[in-house]
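What follows is each chain in one-letter form.
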Amino acid sequence: MVFRKMMKVSLRTVAAVCALTLLVTADGCRRHRKSKSAPNTTKYAENVQKIVEKRMLPKEMLDAKENPNLRWPDFSDYQPIVAQFYDDRNYEVAWTRDDAPTASTLAFIKAFQGASEKGLIPEDYDASRWAARLQKLNSDKSADTISAFDVAMTVNVMRYISDLRIGRVNPSHFNFDINVEDKKYDLAEFVSDNAVDATDVPGLIAKVEPDSEQYRKSEAALAHYLELMAQQEQASVEPLPMVEKAVSVGGSYPEATALLARLQLEGDMEGGSPKTNVFDKELSDGVKHYQERHGFETDGKLTPQTIKSLNVPMTERVLQLQNSLERWRWLPDPYVNPRLLVNLPEFILRGFDADHKLGFRMKVVVGKVMGQHQTPVFTHMMKYLVFRPYWNVPVDIARKELVPHMAANQGYLASKNFEVTDSKGNVLTNYSAKQVAQGGVMVREKPGPKNSLGLVKFIFPNQYDIYLHSTPAVSLFDRSRRDFSHGCIRVQKPDDLAAWVLATQGGDWDLQKVQAAMNSGPDNRTVSLKTPLPIVIFYATAWVEEDGDVHFFDDIYGYDAEMDKVLAKGPPYPIKPEPAGSKAKAGDTL
């Protein structure tokens, strides 16, 4: 018994000594190593540990001046993960062997330097500093140099992989209701097991990014627009002169030659003969193609709106593509290839087949820019349809838009197809405008073709009470800009959408049966989906079509501008989630 007690004490003492001395040499006392990467030296363990604990690398000499070792030296947001990374590998160095950079190190440095082609900012990963660091590493084999190089690589690899996986800024910071948490890697484990000894870094990066054809097409478009940006900057092109009113075919435009060159830059015109001041049919056709790509009225006239857009520099088009790629990276895996996607600044709904191919596209009306009625950005599952629905008028809308008329006309609600109910849904004939204003009774619009929701609505239950629905106000779909709703999304072809949605369920629904349900079926009929459909309410001001054309749209809600401000400040970017909430008031949607 005494011998056993002595053995237990002795073992505990040895373990404590091992933990305190922490691998002074490779042959010293070792804890269990948790990394799948090949073992490496621990002779720099003490130096590495000190750097990680300080959360700051020693300053380095660049251009005869002392500079922070990292372009963005505050890596406090990654420090616990960096510490875990080194702890799991017993504080072995990761990015050098025999004091020389590994092949994976050089491949990641190359990736950092090309980060702009991924829609990222190269200097977030010290792109311009690695050449000097490599040169110093080659000439200075001191423990300080090797340890600082190793920690700098770890921080930047983690930043790069995390930024490509879940984006740089938590979408909750912008009140976007998109959950990135489930996509997060155990970054310490992932980098140690997969990145440290990676033999195919570009292949590893591709697996980190969203597995989406639209994402890949946007990335390819970004590479092309980076080239156009360089061309435009090198040529120092002057802006096209503005016109007071639209120029039609045969009209005069003093810089027709410059207009031709600008249309050729993005491929809106391939040929054309330069003329000094004539706006001819060739130019008009090029303008028409440009207008179609930007969501304008495609009349082929050289309008002030068109010239203003043509004068937007390629630098801004690059930013639009970069912002769109950032938002794709936010999407949870079930929504990276959604069956339905509404792109708010484009005013378009797309449906995709099970194999991710485009099935249809149709126009939509979205929330107004003014009046805090912006349609929120979020992901959800469509679960059921309602044919010939009631519209339960939110109290705010009833108070603002119905009560003033009720005060002047006792029979106003009935004349406009509304009825009033109590909390149990019983229809009332005796009520007052004051009761309606206070929410003591509820107003609902009766089903039918004049109902504000039209004849069908598509429900994906969410905190904002946002849904897709038809509308009797079909003339709005003729507008090029379509932000007119209180927050809900009105669809151009509701019968086609309903038939498409129900066809995904494998039942006997077809277009004829859908139209019968809408026009003559029972009121308020709910049809549940056996398999819910992922739907994304998205915000991308740049979109690549099936034919490869890149379309750009106005930043109607200012979300691109908000993102640009955040990214300009550099890391650490906001990561603390803020309460997600619609700019449209809950219950105040239509």
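The structure reproduced in this document is the subject of the present report. Remember, predicted model here, so these are calculated numbers, not experimental data. (Residues numbered from 1 in each chain as written. Predicted model: local features only at pLDDT ≥ 70, side-chain atom pairs only at ≥ 80, totals over all residues. Heavy atoms only, no water.)

1. Section: the overall build of the chain
Phase 1 of the analysis: On a plain count of helices and strands, the chain comes out with 20 helices and 19 strands.
Phase 2 of the analysis: Counting only C-alpha atoms, the chain reaches 95 × 85 × 45 Å along its principal axes.
Phase 3 of the analysis: In the chain, which comprises 590 residues, the proportion classed as buried is 51%.
Phase 4 of the analysis: When the accessible surface of the chain is summed, it comes to about 27500 Å², and 52% of that surface belongs to carbon and sulfur atoms.
Phase 5 of the analysis: For the chain, the separation between the mean place of its 73 positive charges and that of its 77 negative charges on side chains is 6 Å. (Helix = DSSP H or I, 4+ residues; strand = E, 2+ residues; numbered from the N terminus. Buried < 20%, exposed > 50% of the residue type's maximum accessible area, 1.4 Å probe, protein only. Areas by Shrake-Rupley, 256 points an atom, 1.4 Å probe, with all protein chains shown as cover. Lys, Arg positive; Asp, Glu negative; His and termini not counted. Charge placed at Lys NZ, Arg CZ, Asp CG, Glu CD.)

2. Let's talk about the sheet that holds strand S12 (residues 442–445)
Neighbouring strands of a sheet are bound in pairs by backbone hydrogen bonds; such pairs are parallel or else antiparallel.
Phase 1 of the analysis: Strand order across the open sheet formed by 4 strands is S9-S12-S10-S11, with antiparallel pairing between neighbours. Two strands in the sheet have a free side with no partner beyond their single neighbour: strand S9 (391–393) and strand S11 (427–428).
Phase 2 of the analysis: Across the face of the sheet, helix H15 (residues 395–408) comes into contact with S9, strand S10 (418–421) and S12 while running at roughly 75 degrees to S9. (Pairing = 2+ DSSP bridges. Contact = heavy atoms within 4.5 Å. Axes fitted to C-alpha atoms, helices over the stretch in contact; angles between N-to-C directions.)

3. Quick look at the pattern of salt bridges
Phase 1 of the analysis: All chains considered together, the criterion is met by 27 salt bridges.
Phase 2 of the analysis: The partner of Arg89 in a salt bridge is Glu92, with the nearest N and O atoms 3.6 Å apart.
Phase 3 of the analysis: The buried category is assigned to Glu92, whose relative accessible area is 0%.
Phase 4 of the analysis: Within this structure, Arg262, Glu266, Asp268 and Arg293 form a network of salt bridges that share partners. (Salt bridge = Lys/Arg side-chain N within 4 Å of Asp/Glu carboxyl O.)

4. Here's the deal with the environment of Ile178
Phase 1 of the analysis: Tracing the chain through its elements places Ile178 in the loop between helix H6 (143–166) and helix H7 (187–195).
Phase 2 of the analysis: Sequence separation between Ile178 and Glu266 is 88 residues, and the spatial gap between their C-alpha atoms is 33 Å.
Phase 3 of the analysis: Among all residues touching Ile178, those that are not within four sequence positions of it are Pro171, Ser172, Trp330, Leu331, Pro332, Val377, Phe378 and Thr379.

5. So, the nonpolar core
Phase 1 of the analysis: Formed by 150 residues in total, the largest nonpolar core has its most connected members in Phe387 and Leu468.
Phase 2 of the analysis: Element by element, the count of residues in this core is highest for H6, at 13 residues.
Phase 3 of the analysis: Membership of the second largest hydrophobic core comes to 17 residues, among which are Leu263, Val287, Tyr290 and Leu302. (Core = buried A, V, L, I, M, F, W, Y, C linked by side-chain atoms within 4.5 Å.)

6. Description of the environment of Lys184
Phase 1 of the analysis: Following the sequence through the fold, Lys184 ends up in the loop between H6 and H7.
Phase 2 of the analysis: With a relative accessible area of 43%, Lys184 lands in the partly exposed category.

7. Concerning the packing of aromatic side chains
Ring pairs (aromatic) are described by centroid distance and by the angle formed between their planes.
Phase 1 of the analysis: Counted under the stated rule, the structure contains 24 aromatic pairs.
Phase 2 of the analysis: Measuring from ring centre to ring centre gives 5.0 Å for Phe360 and Trp500, while their planes differ by 75 degrees; the resulting arrangement is edge-to-face. Taken as a pair, Phe360 in strand S7 (residues 358–367) and Trp500 in helix H18 (residues 494–503) lie far apart in primary sequence, 140 residues in all. By the burial criterion, Phe360 is buried, and Trp500 matches it.
Phase 3 of the analysis: Geometrically, the ring pair formed by Phe378 and Tyr464 is tilted, given 5.2 Å between the ring centres and 55 degrees between the ring planes. You can see Phe378 sitting in strand S8 (residues 378–387) and its partner Tyr464 sitting in the loop between strand S13 (456–459) and strand S14 (468–469), a full 86 residues away along the chain. Each member of the pair Phe378 and Tyr464 is classed as buried.
Phase 4 of the analysis: Over the face of the ring belonging to Trp130 we find Arg133, whose NZ or CZ atom lies 4.5 Å from the ring centre.
Phase 5 of the analysis: The aromatic ring of Trp509 is capped on one face by Lys513, whose charged end is 4.6 Å from the ring centroid. (Phe/Tyr/Trp six-rings, centres within 6.5 Å; stacked < 30°, edge-to-face > 60°. Lys NZ or Arg CZ within 6 Å of the ring centre and 35° of its normal.)

8. Some remarks on unusual backbone geometry
Phase 1 of the analysis: Residues Pro571 and Pro572 are joined by a peptide bond in cis, for which omega reads 0 degrees.
Phase 2 of the analysis: Along the polypeptide, Pro572 turns up in the segment after helix H20 (559–568).
Phase 3 of the analysis: In the Ramachandran plot, Asn90 falls in the positive-phi region, its phi being about 55 degrees despite a non-glycine side chain.
Phase 4 of the analysis: Looking at the element boundaries, Asn90 is found in the loop between helix H3 (79–88) and strand S3 (96–97).
Phase 5 of the analysis: With a phi angle near 60 degrees, Tyr91 is a residue other than glycine that sits in the positive phi range.
Phase 6 of the analysis: Structurally, Tyr91 is set in the loop between H3 and S3.

9. Focus on the side chain of Thr102
Phase 1 of the analysis: By the secondary structure assignment, Thr102 is in the loop between strand S4 (100–101) and helix H4 (103–113).
Phase 2 of the analysis: Leave out the neighbours within four places in its chain, and Thr102 touches Trp95, Thr96, Arg97 and Val196.

10. Some details on helix H11 (residues 281–293)
Phase 1 of the analysis: In this model H11 runs 19 Å from its N-terminal to its C-terminal C-alpha over 13 residues, within 8% of the 18 Å that 1.5 Å per residue would give.
Phase 2 of the analysis: Listed in full, the buried residues belonging to H11 are Leu283, Ser284, Gly286, Val287, Tyr290, Gln291 and Arg293.
Phase 3 of the analysis: Along its buried surface, H11 packs onto helix H9 (213–235), helix H10 (256–265), helix H12 (304–310), helix H13 (314–330) and strand S19 (550–552).
Phase 4 of the analysis: For H11, the capping residue at the N-terminal end is Asp280, with a side-chain oxygen 3.3 Å from the backbone nitrogen of Glu282. (Expected span 1.5 Å × (residues − 1). Polar contact = N/O pair within 3.5 Å; in protein donor to acceptor, adjacent residues only side chain to side chain.)

11. Side note on helix H19 (residues 511–519)
Phase 1 of the analysis: Listed as buried for H19 are Val514, Ala517 and Met518. Along the axis of H19, the buried residues cluster in a sector spanning 100 degrees; they form a single face. In H19, the exposed positions angled more than 90 degrees off the buried face are occupied by Gln512 and Asn519.
Phase 2 of the analysis: Taken together, the buried residues of H19 touch S8, S13, H18 and strand S17 (525–538).
Phase 3 of the analysis: You can read the cap of H19 off the contacts: a side-chain oxygen lies 3.3 Å from the backbone nitrogen of Gln512, and it is on Asp510. (Arc of directions from axis to C-beta.)

12. Considerations on the pairing of strand S5 (residues 340–343)
Phase 1 of the analysis: Neither face of S5 is left uncovered, since the one carrying Leu340 and Val342 and the one carrying Leu341 and Asn343 both have all their residues buried.
Phase 2 of the analysis: Here 4 bridges tie S5 to strand S6 (residues 348–352), and the two strands are oriented antiparallel to one another. What sits directly across from Val342, in S6, is Leu349.
Phase 3 of the analysis: Hairpin connection of S5 to S6: 4 residues between the antiparallel strands, including Phe347 at a positive phi of 60 degrees.
Phase 4 of the analysis: Sheet topology places S5 next to S17; 4 bridges connect them, and they run parallel.

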